[in-house]
Amino acid sequence: GQNIDQPTEMTATEGAIVQINCTYQTSGFNGLFWYQQHAGEAPTFLSYNVLDGLEEKGRFSSFLSRSKGYSYLLLKELQMKDSASYLCAVRDGDYKLSFGAGTTVTVRA
Amino acid sequence: IAGITQAPTSQILAAGRRMTLRCTQDMRHNAMYWYRQDLGLGLRLIHYSNTAGTTGKGEVPDGYSVSRANTDDFPLTLASAVPSQTSVYFCASSESSGSGSPLHFGNGTRLTVT
């Protein structure tokens, strides 16, 4: 199976920046995804990295280092609506997508 | 609005009963997936289908079966439900099973087996 680790919980203040780390060990690698999931709702796609480096999409950025088996999701200018779980997912050599347990981010006023 | 429809939204089922969770997508996506989500364990892949007519086993396939008779439908069947199958079940689809194709998720089915 795959091994994908991310912190369980993080808390930050509105307007601040939060970085969610994800480390992985998989048999083969065909890309890393970040999803956002609000409580009681379905996960929604945020970002995709397959090459090393930073991908920026508005307030959200995602970074990948394949040699280190490491990624992070950076959330800038935090808003209350960003309170959610953030899921790191890795596509392995067989193209199956495995998910980490998720990081619950709480944004406080 | 294009997307994935799951039914039912929630269900309470007696142990030993048979149950089929329905999933339909109208995006003409080739690949479809079933995941279960449990607190502290995240999403775990049950079964998948890379294209109509083919299926494969995921991480936790025991006690579940699927079929993919056409592009749009991907039902998940529990032949004889057990309490450990209490979970939230998400159906998802992607344009292909290739690298950069993100998954789109349905709203989930909350299943309780008593």
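Rules used throughout
Position numbers for residues count from 1 along each chain, tracking the sequence in the order it is written. Ligands are numbered from 1 and chains lettered from A, in the order in which they are written. Only residues with pLDDT of at least 70 get local features here, since the model is predicted, and only at 80 or more are side-chain atom pairs given and counted; chain-wide, interface and lining totals rely on the full set of residues. Neither water nor hydrogens contribute to the side-chain values; these are computed over all heavy atoms in the structure. Whether two residues are in contact is decided by their heavy atoms, any of which lying within 4.5 Å being enough. Using a 1.4 Å probe, buried area is obtained as the accessible area two parts lose upon being combined, added over both of them. Each salt bridge in this description consists of a side-chain nitrogen of Lys or Arg and a carboxyl oxygen of Asp or Glu lying within 4 Å of one another. Whenever two N or O atoms come within 3.5 Å, that pair is a polar contact, provided that in protein one can donate a hydrogen and the other can accept it, and provided that, for residues adjacent in sequence, both atoms are side-chain atoms. Secondary structure elements are defined from DSSP: runs of H or I of at least 4 residues count as helices, runs of E of at least 2 residues count as strands, and each element is numbered from the N terminus. Side-chain classes are defined by residue name, with Ala, Val, Leu, Ile, Met, Phe, Trp, Tyr, Cys and Pro counting as nonpolar, Asp, Glu, Lys and Arg as charged, and the others, Gly among them, as polar. Each pair of strands is called paired provided DSSP finds at least two bridges between the two strands. The convention used is that axes are lines fitted to C-alpha atoms, helices contributing only their stretch in contact, and that angles between N-to-C directions extend from 0 to 180 degrees. Pairing of aromatic side chains requires ring centres within 6.5 Å, counting the rings of Phe and Tyr and the six-membered ring of Trp. Pairs whose planes differ by under 30 degrees are stacked, by over 60 edge-to-face, and all others tilted. Three exposure classes are used, based on accessible area relative to the maximum for each residue type with a 1.4 Å probe and protein chains only: buried under 20%, partly exposed in between, and exposed over 50%. Any cysteine sulfur atom paired with another within 2.5 Å is treated as part of a disulfide.

Enquirer: In this structure, what is going on with the interface of chain B and chain A? I would like to understand it.
Expert: A common measure of how large an interface is: the accessible area buried when the components associate. On the chain A side, the residues contacting the 23 residues of chain B number 17 residues. Across the chain B/chain A interface, buried area totals approximately 1500 Å², and carbon plus sulfur atoms make up 57% of it. Among the residues of chain B in contact with chain A, Leu43(B), Ser99(B) and Phe105(B) are the three that bury the most area, contributing 32% of the side total. For the interface between chain B and chain A, the tally reads 0 salt bridges. Counting the contacts that link chain B with chain A gives 7 residue pairs in polar contact (both at pLDDT 80 or more). Broken down by secondary-structure element, the contributors of at least two residues to the side of chain B that touches chain A are strand S4 (31-38), strand S5 (42-49) and strand S9 (87-94) of chain B. In terms of residue class, the side of chain B that touches chain A is built from 10 nonpolar, 12 polar and 1 charged.

Enquirer: How should the sheet that holds strand S3 (residues 19-25) of chain B be read in this particular structure?
Expert: Consider a sheet: its strands pair through backbone hydrogen bonds, and that pairing is either parallel or antiparallel. Residue and element names in this part refer to chain B. The strand order across the open sheet formed by 4 strands is S1-S3-S8-S7, and the pairing between neighbours is antiparallel. In this open sheet, the two edge strands, each paired with only one partner strand, are strand S1 (4-7) and strand S7 (64-66). On average, each strand axis in the sheet is inclined to that of its neighbour by 20 degrees, with strand direction left out of account. Pairing geometry for S1 and S3, over 4 bridges, is antiparallel. When the bridges of S3 are listed, Gln6 appears paired with Cys23.

Enquirer: Please clarify how the environment of Ser99(B) should be interpreted in this entry.
Expert: By secondary structure assignment, the location of Ser99(B) is in the loop between S9 and strand S10 (104-105). Among all residues touching Ser99(B), those that are not within four sequence positions of it are Asn30(A), Phe33(A), Tyr48(A), Arg91(A) and Tyr95(A).

Enquirer: Help me understand the packing of aromatic side chains in this model?
Expert: The description of an aromatic ring pair rests on the distance of the ring centres and on the angle between the ring planes. For the coordinates displayed, the defined rule picks out 16 aromatic pairs over all chains. Ring geometry for Phe33(A) versus Tyr48(A): centroids 4.8 Å apart, planes at 45 degrees, classification tilted. Of this pair, Phe33(A) sits in strand S4 (residues 32-37) while Tyr48(A) sits in strand S5 (residues 44-49), and the two are 15 residues apart along the sequence. Residue class for Phe33(A) comes out buried when judged on its relative accessible area of 0%. Feature note: the residues Phe33(A), Tyr35(A), Phe45(A), Tyr48(A), Phe99(A), Tyr33(B), Tyr35(B), Phe90(B) and Phe105(B) constitute an aromatic cluster, connected by ring pairs.

Enquirer: Hey, could you run me through the state of the cysteines in this one?
Expert: Here a disulfide denotes one covalent bond, and it connects the sulfur atoms of two cysteines. On inspection of all chains with the given rule, the structure shows 2 disulfides over all chains. The disulfide partner of Cys22(A) is Cys88(A), and the S-S distance across this bridge is 2.0 Å. Since a negative S-S torsion denotes a left-handed disulfide, the Cys22(A)-Cys88(A) link at about -70 degrees is left-handed. Taken together, the positions of Cys22(A) in strand S3 (residues 18-25) and Cys88(A) in strand S9 (residues 84-91) put the pair 66 residues apart, joining distant regions of the chain. Exposure class is identical for Cys22(A) and Cys88(A). Each is buried. For Cys23(B), the disulfide goes to Cys91(B), at an S-S distance of 1.9 Å. Because the torsion about its S-S bond is -70 degrees, the bridge between Cys23(B) and Cys91(B) counts as left-handed. One end of the pair, Cys23(B), is in strand S3; the other, Cys91(B), is in strand S9, with 68 residues separating them in the sequence. Residue class for Cys91(B) comes out buried when judged on its relative accessible area of 0%.

Enquirer: For this particular structure, what's the right way to read the pattern of salt bridges?
Expert: Between side chains of opposite charge, a pair can form as their charged atoms come close. Residues and elements named next belong to chain B. Under the counting rule described, the total for this entry stands at 6 salt bridges over all chains. Across the pair Arg28 and Asp72 runs a salt bridge, and its minimum N-O distance is 2.9 Å. Note that Arg28 is positioned in the loop between S3 and S4 and Asp72 in the loop between S7 and strand S8 (76-78), a separation of 44 residues in sequence. Assessed through its relative accessible area of 23%, Asp72 is described here as partly exposed. For the salt bridge of Asp38 with Arg36, the shortest nitrogen-to-oxygen distance reads 2.9 Å.

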